[in-house]
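# Coordinate inspection notes
Each chain, letter by letter, is given below.
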Amino acid sequence: MNRRRIGSLRRVITKDDAPVKYRYGMPRWVPRLLGMIVATFVGVFAAYHILGRLRGLIVILVISLFLSIAIEPGVNFLARRGWRRGVATWAMFLSVILSLGLFIGMMVPLVIDQVSRLVDRLPGYVDQFYGFLDRLGVDVSGQRLSDAVAGLDSNLGGAANDFAGSVFGVGQRLLDTLLKLLTIGLFTFYMAAEGPKMRRAVCSIMRPERQVKVLRAWEIAIDKTGGYFYSRALLAGIAALVAWAVFAITGIPYAIALALWMGVLSQFVPVVGTYLGGALPLVIALLESPTKAIVVVVFVVVYQQFENYLLAPRITARTMALHPAVAFGAAIAGGTLMGVPGALMALPFAATVQAFVGTFMERHEVVYDNLTSDAPYDSDDTPEE
């Protein structure tokens, strides 16, 4: 047969024991496979672009879910004592808002006063710096200093003009941030107030055995996230109280505001929170006198050791126990993905994942080996099996 063969050979069965016929062509499953590949590609492409457009909303929903889980232990505590769930949620919201308002209200006067004092003392600092350079033998003539000051004035003027021209943009960003905060608050309130109803809706589409696993996972997330926030709040309160006493005795101005700043940042900002929390009291104490700055440094170092080895293990023993390397990596990953909110949520999220693994993953006894022993044995002393 001289006809060119294209495709595979397909068998065609005829009726009534007729002779079997063969013909050449494309198998029937090939078009279906090509259609599935094209549909999958189009679906993934569309989902990627849709998720990209909805990224802001997804981030808001994730943050809202996280915050609702964080305040739910408090809501459940009040609900078990006869409070209506909506009223209990409002009470938790008001307590959080009042705490943030108190913190911001005490920090704003501090910042304004310290900036004004820094501006007033700036000429003296410039004279001291000039004398220091003169003692080092650095030639800083009066003409150079005048030129530098003139250049500084022109730069400040240009910066002021740029800032005045961007006031509208700053106001727009502030309005956008306020709308996002209101949206997060609205979603968080409904997720916390309607928590049981939301879980019933989720479980209604699952089999009973799957419902038990989902509810167990949800309970672990609530315990770990809520325990993280409440234990950190307790540690922040203790740190702020002790810092306030030390700052007040030392004579550092704005002792309460600085103590709150140190307590909050040292507990809720991962990895670098301790250094950020102690930096501002150190700067303000240094503006007062070097002796007060030394007292602040000694206090921060001593209290950090006391908290790490005595206080924190007792408070967080039943809430969250993460290896420092895991905590550091989780904070970096969360900050990379979602910025500051992601860094704040990274530690309780990592603790929740760790709890899931410990609860649902089966573990086995580890064999005795040189690679798994804290005290490696000699190769000649291999234990007998």
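The rules behind each value
Residues numbered from 1 in each chain as written. Predicted model: local features only at pLDDT ≥ 70, side-chain atom pairs only at ≥ 80, totals over all residues. Heavy atoms only, no water. pLDDT = per-residue confidence, 0-100. Helix = DSSP H or I, 4+ residues; strand = E, 2+ residues; numbered from the N terminus. Contact = heavy atoms within 4.5 Å. Expected span 1.5 Å × (residues − 1). Bend = angle between axes of the 7 residues up to and from the residue. Phe/Tyr/Trp six-rings, centres within 6.5 Å; stacked < 30°, edge-to-face > 60°. Buried < 20%, exposed > 50% of the residue type's maximum accessible area, 1.4 Å probe, protein only. Lys NZ or Arg CZ within 6 Å of the ring centre and 35° of its normal. 1 Å grid on protein atoms, 1.4 Å probe; cavity = no way out; pocket = protein on both sides within 12 Å on 5 of 7 lines; lining within 4 Å. Points joined across faces, edges and corners; volume = space filled by probe spheres on them. Axes fitted to C-alpha atoms, helices over the stretch in contact; angles between N-to-C directions. Parallel < 35°, antiparallel > 145°, perpendicular 65-115°, else oblique. Nonpolar A, V, L, I, M, F, W, Y, C, P; charged D, E, K, R; others polar. Left-handed = near helix turned anticlockwise from the far one by under 90°. Core = buried A, V, L, I, M, F, W, Y, C linked by side-chain atoms within 4.5 Å. Salt bridge = Lys/Arg side-chain N within 4 Å of Asp/Glu carboxyl O.

## Quick look at the confidence of the model for the protein chain
Residues at a pLDDT of 70 or more form 71% of the protein chain, whose mean pLDDT is 76. For the protein chain, strand β1 (residues 8-12) is the element with the lowest average pLDDT, namely 49, and helix α6 (residues 195-203) is the one with the highest, namely 88. Every residue in residues 1-9 is under pLDDT 50, and counting partners more than four places away or in other chains gives 12 contacts.

## Side note on helix α2 (residues 55-80)
Compared with the 38 Å implied by 1.5 Å per residue over 26 residues, the 37 Å span of α2 between its first and last C-alpha is a close match. The sharpest bend along α2 measures roughly 40° and falls at Glu-72, with the proline Pro-73 sitting one to four residues further on. Backbone geometry just downstream of α2 places Gly-82 in the positive-phi region, at approximately 100°.

## A look at the packing of aromatic side chains
With the rule as written, the count across this model stands at eight aromatic pairs. Relative to Tyr-190, the ring of Phe-189 has its centre 5.5 Å away and its plane inclined at 75°; by these criteria the two rings are edge-to-face. For Tyr-190, a relative accessible area of 49% puts it in the partly exposed group. Each member of the aromatic cluster is reached from another via a ring pair, and the members are Trp-90, Phe-93, Phe-189 and Tyr-190. If you follow Arg-199 out to its NZ or CZ, it ends over the ring of Trp-218, 5.5 Å from the centre.

## Some points on empty space enclosed by the protein
Gaps left between atoms show up when a probe the size of a water molecule is rolled over them. For the coordinates displayed, the defined rule picks out one cavity of 30 Å³ or more. Reported here for the largest cavity is a volume of approximately 40 Å³. Ala-239, Met-262, Ser-266, Gln-267, Thr-274, Val-300, Tyr-303, Gln-304 and Glu-307 are the residues that line the largest cavity. Sorting the residues of the lining of the largest cavity by element identifies α8 (255-268) and α10 (290-315) as the ones contributing at least two each. Looking at the lining of the largest cavity element by element, the count peaks at four residues for α10.

## Observations regarding the packing of α2 against helix α7 (residues 208-250)
Two elements in contact, α2 and α7, have axes separated by 8 Å at closest approach and are oriented at 80°. On the basis of their axis angle, the class for α2 and α7 is roughly perpendicular. In this structure, α2 contributes Phe-66, Ile-69, Ala-70, Ile-71, Glu-72, Pro-73 and Gly-74 to the contact, and α7 contributes Ala-221, Ile-222, Thr-225, Gly-226, Phe-229 and Tyr-230. Tallied by class, residues from the contact of α2 with α7 come to nine nonpolar, three polar and one charged.

## Here we look at the packing of α7 against α8
Their axes nearest at 7 Å, the elements α7 and α8 cross at an angle of 145°. In terms of crossing hand, the pair formed by α7 and α8 is right-handed. Here Tyr-228, Phe-229, Arg-232, Ala-233, Leu-235, Ala-236, Ala-239, Ala-240, Ala-243, Trp-244, Phe-247 and Ala-248 of α7 come into contact with α8, specifically with Ala-255, Ile-256, Leu-258, Ala-259, Leu-260, Met-262, Gly-263, Val-264, Gln-267 and Phe-268. Per-class residue counts for the contact of α7 with α8 are 19 nonpolar, two polar and one charged.

## Some thoughts on the nonpolar core
Ranked by internal contacts, the top residues of the largest apolar core, which has 23 residues, are Phe-247, Ile-252 and Phe-299. Setting aside anything within four residues of it in sequence, one finds Ile-252 in contact with Phe-247, Leu-258, Ile-284, Ala-285, Lys-292 and Val-296. The next biggest cluster of nonpolar side chains, apart from the first, holds nine residues, and it includes Ile-71, Val-75, Leu-78 and Ala-88.

## Details of helix α9 (residues 273-288)
When the terminal C-alpha atoms of α9 are compared, their 24 Å separation across 16 residues agrees well with the 22 Å that a helix rising 1.5 Å per residue should span. Most pronounced at Ala-279, the bend in α9 amounts to some 25°, and the proline Pro-281 follows within four residues. Here α9 has its buried residues at Gly-273, Thr-274, Gly-277, Gly-278, Pro-281, Ile-284 and Ala-285.

## A closer look at the environment of Thr-225
Following the sequence through the fold, Thr-225 ends up in helix α7. Separated by 122 residues in sequence, Thr-225 and Leu-347 have C-alpha atoms that sit 8.9 Å apart. Discounting chain neighbours no more than four positions away, the residues touching Thr-225 are Phe-66, Ile-69, Ala-70, Pro-348 and Thr-352.

## Thoughts on the pattern of salt bridges
Per the stated rule, a full pass over the model turns up five salt bridges. With a shortest N-O distance of 3.6 Å, Lys-180 and Asp-176 are connected by a salt bridge. Taken together, the residues span about one helical turn, with Lys-180 and Asp-176 both in helix α5 (residues 167-193) at a distance of four residues. Two residues, Glu-219 and Arg-216, come together in a salt bridge whose shortest N-O distance is 3.6 Å. In this pair, Glu-219 and Arg-216 are both assigned in helix α7, three residues apart and thus about one turn of the helix distant. Each of Glu-72, Arg-85 and Arg-199 takes part in salt bridges that share partners, so that together they form one network.

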